[in-house]
Amino acid sequence: QVQLVESGGGLVQAGGSLRLSCAASGRTFSSYAMGWFRQAPGKEREFVAAISWSGGRTYYGDSVKGRFTISRDNAKNTVYLQMNSLKPEDTAVYYCAAGRPGVVAGTRENEYNYWGQGTQVTVSS
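All values derive from a computational prediction rather than experimental measurement.

## Section: the sheet that holds strand S1 (residues 2-7)
In a beta sheet, neighbouring strands pair by backbone hydrogen bonds and run either parallel or antiparallel. Read across the open sheet, the four strands follow the order S1-S3-S8-S7; overall the sheet is antiparallel. Bordering the open sheet on either side are S1 and strand S7 (68-73), each of which pairs with just one other strand. With strand direction ignored, the average angle separating the axes of adjacent strands in the sheet is 15 degrees. Pairing of strand S3 (residues 18-26) with strand S8 (residues 78-83) involves six bridges; the strand directions are antiparallel. Directly across from Leu 20, in S8, lies its bridge partner Leu 81.

Below is the structure:
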């Protein structure tokens, strides 16, 4: 079992920055990949970023490349999502997720088997 708790969401103006955190407990954190997804009202959940267990591999969705950075601190059992140059279209509930065994850094929802409760990010124009 893995428990995930996101934090750091909020309201920010376009062009601003936020850093999301996801604290994990349960299974050994350094043994699995982590990902961030988001879901805007009326839309399907979208892949944002993923990171391998060691942090050596990262992947990003096309809409956030060059603006968002995923990182992890295995000593703190925490994964981060640094979001810069935010746009109104980044408004969504952001979820962190823990990868299934064997997943290196997945980009699909079915590669993750534990999810946090989500944190709201709202970007005003």
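Back to the text.
## Description of the side chain of Asp 90
Mapped onto the fold, Asp 90 is located in the loop between S8 and strand S9 (92-99). Exposure remark for Asp 90: the relative accessible area of 1% places this residue in the buried category. One polar contact links Asp 90 to Arg 67, side chain to side chain, over a distance of 2.7 Å. Apart from residues lying up to four places away in sequence, Asp 90 is in contact with Arg 38, Arg 67, Phe 68, Ser 85, Val 121 and Val 123.

## Overview of the environment of Tyr 59
Here Tyr 59 is to be found in strand S6 (residues 58-60). On the basis of relative accessibility, which here comes to 36%, the residue Tyr 59 falls in the partly exposed class. Ignoring any residue separated from it by four or fewer positions in sequence, one finds Tyr 59 in contact with Phe 47, Val 48, Ala 49, Ala 50, Ala 105 and Thr 107.

What counts and how
Residues numbered from 1 in each chain as written. Predicted model: local features only at pLDDT ≥ 70, side-chain atom pairs only at ≥ 80, totals over all residues. Heavy atoms only, no water. Pairing = 2+ DSSP bridges. Helix = DSSP H or I, 4+ residues; strand = E, 2+ residues; numbered from the N terminus. Axes fitted to C-alpha atoms, helices over the stretch in contact; angles between N-to-C directions. Buried < 20%, exposed > 50% of the residue type's maximum accessible area, 1.4 Å probe, protein only. Polar contact = N/O pair within 3.5 Å; in protein donor to acceptor, adjacent residues only side chain to side chain. Contact = heavy atoms within 4.5 Å.

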